[in-house]
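Coordinate analysis (summary)
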Amino acid sequence: MSIAGKSLMRARNLRNSFEVFGPAYPMLFLKKLVSRRQANGTLSQFCGSGLEIGGPSNFFRPGEEFPVYSVAARLDNVNFSSRTFWEGSLREGDNFTFSPHKPNGRQFIREAGDLAPIPDQTYDFVISCHTLEHCANPVKALHEWRRVLKTGGCFALILPHKAGTFDHRRNVSTLEHLIEDYRSGTAEDDATHFAEILEKHDLKRDPGQKSRADFEAWITNNIATRGAHHHVFDPALAVTLVDYAGFNVITAETLPPFHIFVVGQKAGRPAGQASDVSRILQACYERSPFKEDRQKRNRYGQGSNHR
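All values reported here derive from a predicted model rather than from experimental measurement. Within each chain, residues carry numbers counting from 1 in the order of the written sequence. Residues qualify for local features only when their pLDDT is at least 70, as the model is predicted, and side-chain atom pairs are given and counted only at 80 or more; totals for whole chains, interfaces and linings, by contrast, use all residues. To get the side-chain values, all heavy atoms of the structure are used, and hydrogens and water are removed first.

Regarding the packing of aromatic side chains
Quick reminder of the rule: Any Phe, Tyr or Trp ring, taking Trp's six-membered ring, that has another such ring centre within 6.5 Å forms a pair; planes under 30 degrees apart are called stacked, those over 60 apart edge-to-face, and the others tilted. Only DSSP runs of H or I reaching four residues or more are called helices, and only runs of E reaching two or more are called strands; each is numbered from the N terminus. With a 1.4 Å probe rolled over the protein chains alone, any residue whose accessible area is under 20% of its type maximum counts as buried; one over 50% counts as exposed, and the rest are partly exposed.
Following the criterion strictly, the structure yields 13 aromatic pairs and no others. On the numbers, 5.3 Å between centres and 85 degrees between planes, the contact of F46 with F66 is edge-to-face. Taken together, the residues F46 in the loop between α2 (28–43) and β1 (49–53) and F66 in the loop between β1 and α3 (68–71) connect sequence positions 20 residues apart. Here F46 falls in the buried class, since its relative accessible area comes to 0%. By relative accessible area, F66 is classed as buried at 0%.

Let's talk about the environment of S57
Rules: Whether two residues touch is decided by their heavy atoms; if any such pair falls within 4.5 Å, the residues are in contact.
For S57, the location among the structural elements is in the loop between β1 and α3. S57 has contacts with E52, Y69 and C129, leaving out every residue within four places of it along the chain.

With respect to the sheet that holds strand β2 (residues 74–79)
Note the cut-off: DSSP-based pairing: two strands are paired if at least 2 bridges between them are found. Here an angle of 0 to 180 degrees is reported between the N-to-C directions of two axes, which are lines fitted to C-alpha atoms, with helices fitted over the stretch in contact.
Here we have 8 strands laid out as an open sheet, ordered β5-β6-β2-β1-β7-β8-β10-β9, and mixed in their pairing. Of all strands in the sheet, those bounded by a partner on one side alone are β5 (93–96) and β9 (247–255). Each strand of the sheet is rotated relative to its neighbour by a mean of 25 degrees, with strand direction disregarded. Taken together, the 6 bridges between strand β7 (residues 123–129) and strand β8 (residues 149–160) define a ladder with parallel strand orientation. When the bridges of β8 are listed, F125 appears paired with C154. Strands in contact with helix α4 (residues 138–147) are β1, β7, β8, β9 and β10 (259–266); relative to β8, the strand with the most contacts, it is inclined by about 145 degrees. Its contacts with the sheet put helix α9 (residues 235–244) on β8, β9 and β10, and the angle it makes with β9 is roughly 160 degrees.

Some details on helix α5 (residues 175–183)
The periodicity of an α-helix, 3.6 residues per turn, causes residues three or four places apart in sequence to face the same way. Here is the rule we go by: This arc is taken over the directions from the axis of the helix to the C-beta atoms.
Within α5, burial applies to L175, L178, I179 and D181. Along the axis of α5, the buried positions cluster into a sector of 155 degrees, meaning they face one direction only. Where α5 is buried, its residues contact α4 and α9. Looking one or two places after α5, you find G185, whose phi comes out positive at around 70 degrees.

Things to note about the packing of α9 against helix α10 (residues 278–287)
Let me state the cut-off plainly: When describing relative orientation, an angle under 35 degrees is termed roughly parallel and one over 145 degrees roughly antiparallel, while 65 to 115 degrees is termed roughly perpendicular and anything else oblique. Here a crossing is called left-handed whenever its near helix is offset anticlockwise from the far helix by less than a right angle, and right-handed whenever the offset is clockwise. Residues are grouped as follows: Ala, Val, Leu, Ile, Met, Phe, Trp, Tyr, Cys and Pro are nonpolar; Asp, Glu, Lys and Arg are charged; all remaining types, including Gly, are polar.
Between α9 and α10, whose axes approach to 10 Å, the crossing angle comes to 150 degrees. Classed by the angle they form, the pair α9 and α10 counts as roughly antiparallel. Two packed elements cross with a definite hand, and for α9 against α10 that hand is right-handed. Mapping the contact onto sequence places P235, A236 and V239 in α9 and I280, L281, C284 and Y285 in α10. Along the lines of polarity and charge, the residues of the contact of α9 with α10 split into 7 nonpolar, no polar and no charged.

What to know about the nonpolar core
To keep it simple, the criterion reads: Nonpolar core, defined: a set of buried Ala, Val, Leu, Ile, Met, Phe, Trp, Tyr and Cys residues in which side-chain atoms within 4.5 Å join the residues together.
With 42 residues, the main nonpolar core has L51, L132, W145 and F155 as its most contacted residues. Here F155 is in contact with F46, V126, L142, W145, L149, V242, F247, V262, V263 and G264, once residues within four sequence places are set aside. Within the second largest apolar cluster, 20 residues are counted, among which are F96, F98, F125 and A156.

Looking at the pairing of β9
β9 sits mainly inside the fold: 7 of its 9 residues count as buried. Where β9 meets β10, 8 bridges bridge the pair, whose relative direction is antiparallel. When the sheet's bridge partners are listed, T254 is paired in β10 with I260.

Shown next as structure tokens:
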């Protein structure tokens, strides 16, 4: 890219940042560091044997927002295909490398919602970064991730914040819709949301797409590319979904440029029994760098589970 082209991209990113975050944008990197320090107390619960769904992810690398790779003793991985746009070629077996200083983990080639070869309560923790939005049936996926997690084990989930991504023109999905997808047995070939995606996707915020035609082909071939965001998330949906799936929510944060970060612990209660997450949501919205969150933070008072 030319110097002029890079300058234009920087100007566009800065403009988008002010639109998304508001005048607080210069403080975002400081807020990111503060959030990282706040998360360090939770990080100690990710030291054992774990499973990552998707990835590997920069979010979990040393020095990044939640450096699980630095503390994990062992990490296995699940990806949907032996070849993906993000990871290239993959091969099932003991060849998943998450740290040059630690032994390889097991690479599974499986759908995120079908971990049949993995026994119940295998792992001390489960992590996933920007994968669940690509699942057509997220409740089913979360039930599987919970199944392979030991009771009391921890779960870290990162999802894209609607306000910071190319999904900002779409409506946030509802928990009721996700539950209905689960009850209906929605499969990964589902195309329900494709028309909405093609209509409202903001290509200006998606530099990976060369043209509208390329993007349409990308979505149309989703069963191979898995590029579609079937559902759209904000902090309230992310937290209530994790709670509904049978995790006690420990913390929830929003981080620039487009992350929702939720940590939960596998609860003794069964999935489907919602608890009161209003305190977690209130704190998350008050700390959020996103203008959209700050404008509605007063909605999340005590006494509501926001389903």
